[in-house]
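Coordinate inspection notes
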Amino acid sequence: MTDTAFKSDFLKTLRDRGYIHQITHPAELDAAASSGVIAAYIGFDATAPSLHVGSLIQIMMLRRLQQTGHKPIVLMGGGTTKVGDPTGKDASRPQLTDALIQANIASIKTVFAKFLTFGDGPTDAVMVDNDEWLSRFGYVEFLRDFGTQFTVNRMLAFDSVKLRLEREQPMTFLEFNYMLMQSVDFLELNRRLNVTMQMGGSDQWGNIVSGVDLVRRNEGRTAFGLTTPLLTTASGGKMGKTAQGAVWLNADQLSPYDYWQFWRNVDDADVGRFLRLFTDVPLDEIARLETLDGAGINDAKKALADAATTLLHGADEAAKARSKSEASFERGDTSVLDVVDFDWSGGQDWVVRTPESLVHAAGISSMKDAKRSIANHEIKINGVLVDGNERYVREDIDPQTGAFLVQKGKKTSKLVRPT
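Let me begin by describing the structure that accompanies this report. A quick note: this is a predicted structure, and the numbers were derived from the prediction, not measured.

1. A look at the environment of Q22
Mapped onto the elements, Q22 comes out in strand β1 (residues 22–23). By relative accessible area, which is 25% here, Q22 ends up partly exposed. The spacing of Q22 and W205 is 183 residues in sequence and 8.1 Å in space, taken between C-alpha atoms. If sequence neighbours within four positions are ignored, Q22 has contacts with W205, G225, L226 and T227.

2. As for the sheet that holds strand β9 (residues 339–342)
Each strand in a sheet pairs with its neighbour through backbone hydrogen bonds, running either in the same direction (parallel) or in the opposite one (antiparallel). Read across the open sheet, the five strands follow the order β9-β13-β12-β10-β11; overall the sheet is mixed. Both edges of this open sheet fall to β9 and β11 (384–385), since each of them pairs with a single strand only. Bridge count for strand β10 (residues 379–381) against β11 is two bridges, and the pairing is antiparallel. Its bridge partner lying in β11, K380 is registered against L385.

3. Describing the nonpolar core
Within soluble globular proteins, side chains that are nonpolar tend to cluster in buried spots. With 64 residues, the main nonpolar core has M197, M199, L226, W263 and F278 as its most contacted residues. The element that contributes the greatest number of residues to this core is helix α15 (residues 297–313), accounting for eight residues. Not counting residues up to four positions away in its chain, the partners in contact with F278 are Y19, L56, I57, M60, L231, M239, W263, A308 and L311. Formed by 31 residues, the second largest nonpolar core is a distinct cluster that contains A39, Y41, F158 and Y178.

4. Brief notes about the packing of aromatic side chains
Applying the stated criterion across every chain yields a total of ten aromatic pairs. Taking the centre distance of 5.3 Å and the plane angle of 0° together, the rings of W344 and F404 count as stacked. Within this pair, whereas W344 is found in the loop between β9 and α17 (355–361), its partner F404 is found in strand β12 (residues 404–408), the two being separated by 60 residues in sequence. F404 sits in the buried class, given a relative accessible area of 0%. Three or more aromatic residues joined by ring pairs make a cluster, and in this case those are Y259, F262, W263, F274 and F278. A cation over a ring is seen here: K324 above Y257, with NZ or CZ 4.3 Å from the ring centre. Above the ring of W344, the side-chain terminus of R353 is found at 5.9 Å from the ring centroid.

5. As for the packing of helix α10 (residues 178–193) against helix α11 (residues 205–219)
Two elements in contact, α10 and α11, have axes whose closest approach is 8 Å; the angle formed by their N-to-C orientations is 45°. Taken together, the axes of α10 and α11 are oblique relative to one another. Handedness of the crossing formed by α10 with α11: right-handed. On α11, the residues that touch Y178, M179, Q182, S183, V184, F186, L187, N190 and R191 of α10 are N207, I208, S210, G211, V212, L214, V215, N218 and E219.

6. Describing unusual backbone geometry
In the Ramachandran plot, N194 falls in the positive-phi region, its phi being about 55° despite a non-glycine side chain. Within the secondary structure, N194 is located in the loop between α10 and β5 (195–201). Look at H377: it is not a glycine, yet its phi comes out positive at around 60°. Checked against the element boundaries, H377 lands in the loop between α18 (367–375) and β10.

7. Things to note about the environment of E356
Inspection of the secondary structure assignment puts E356 in helix α17. Sequence-distant contacts of E356, defined by excluding residues within four places in its chain, comprise M367, A370, K371, I374 and G388.

8. Some remarks on the side chain of R64
With respect to the element layout, R64 can be found in helix α3 (residues 56–67). Residue classification places R64 among the buried residues on the basis of a relative accessible area of 2%. In this view, R64 contacts F10, T13, L14, R17, Y19, R276, L277, T279 and D280; residues no more than four positions away in its chain are not counted.

9. Observations regarding a nonpolar patch on the surface
Residues V152, L156 and L165 make up a contiguous nonpolar surface patch of roughly 250 Å² in combined accessible area. Relative to the helices and strands, L156 is located in helix α7 (residues 152–157).

10. Brief notes about α15
Between its first and last C-alpha atoms α15 spans 24 Å; for 17 residues at 1.5 Å apiece the expected length is 24 Å, and the two agree. Here α15 lies mainly inside the structure; 13 of its 17 residues are buried. G314 sits one or two positions beyond α15 and adopts a positive phi of about 100°.

Procedures and definitions
- Residues numbered from 1 in each chain as written.
- Predicted model: local features only at pLDDT ≥ 70, side-chain atom pairs only at ≥ 80, totals over all residues.
- Heavy atoms only, no water.
- Helix = DSSP H or I, 4+ residues; strand = E, 2+ residues; numbered from the N terminus.
- Buried < 20%, exposed > 50% of the residue type's maximum accessible area, 1.4 Å probe, protein only.
- Contact = heavy atoms within 4.5 Å.
- Pairing = 2+ DSSP bridges.
- Core = buried A, V, L, I, M, F, W, Y, C linked by side-chain atoms within 4.5 Å.
- Phe/Tyr/Trp six-rings, centres within 6.5 Å; stacked < 30°, edge-to-face > 60°.
- Lys NZ or Arg CZ within 6 Å of the ring centre and 35° of its normal.
- Axes fitted to C-alpha atoms, helices over the stretch in contact; angles between N-to-C directions.
- Parallel < 35°, antiparallel > 145°, perpendicular 65-115°, else oblique.
- Left-handed = near helix turned anticlockwise from the far one by under 90°.
- Patch = residues over 30% accessible without salt bridge, like charges linked within 9 Å, V, L, I, M, F, W, Y side chains within 5 Å.
- Areas by Shrake-Rupley, 256 points an atom, 1.4 Å probe, with all protein chains shown as cover.
- Salt bridge = Lys/Arg side-chain N within 4 Å of Asp/Glu carboxyl O.
- Expected span 1.5 Å × (residues − 1).

Below you can see the structure in the form of structure tokens.
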């Protein structure tokens, strides 16, 4: 079945907005989505207090599912986080305590209500935690019930295992069990909530297919898998990672203003694709925005930043972020900039600071990236382009702002105030 032949609103929407990479049984899934409500899930491990933009495509896919009349299931990985997903990793994740995992889940949960409608209705979203069943299995019971249904031969062929071994990086037996646990999640959700589809990123394909097979073999029921393409920026970078670090979704991890700035500063070539994936802007309007060039592309970027920030933080925060950005970067108003207090010298006024230390203090870059930015002639301090040989004392602050004005290119400005 070709994707042009889709009849269901769900798959047509995913196709038109660029979400589809692989589907296990496309014709069957299209028929099921056309004839009734399907329940589908995506799992999110709780390795940090917030998800980041790299997870947003999965959240948006659950949103598309609900928008087209189906039921999204958010699976929090209280159990699988204890193991750690080895996919795409060269080293084992640090093990977290149960208390920290639950604290991370509580923090992460707040984001989903921004994108999904939760409740008891047929298409209302539901959130569950796989610790409910995974932590209740006895070891022998788990091996007896599921160990016989997975061959080591096939598990060794999965990318998550094969790539780690090819790089001669160790994989613990604990991590080796992750794919079994993810497959059992699908089986449990099928039994408990009649979930018939698992979705995820393309790197999860092997694990998803194993879950589909487990449901079909054990329950004799229809089950599907669907993945999104590997998401990178036009420059080849990993989505959700910047020189400043991860682009977090929780406001206490990253301000709405910095979130707005992230979208405003994406590569020109990414604007149309990101509008389709990460906003509800209609496709015909996106097509119009994609025709803009020259200075007009900035209007398209602002539309992207407005729409993405509104979904996560609300229209008021998006409007405030846009107003602040325009005041700072288009009208040169430094009074609206964020001020970062910096413990200048530990009580010694004569201490000298380097340009990269001020850039790092501003939160603009790591020390390593700050040095690179200075070498690339991207950094100004108090309006003057620096070459890295400058040294500053407390008295060198900008008298108008009472702080050091630190700028990276035309996109990032912060005030660093000595304390």
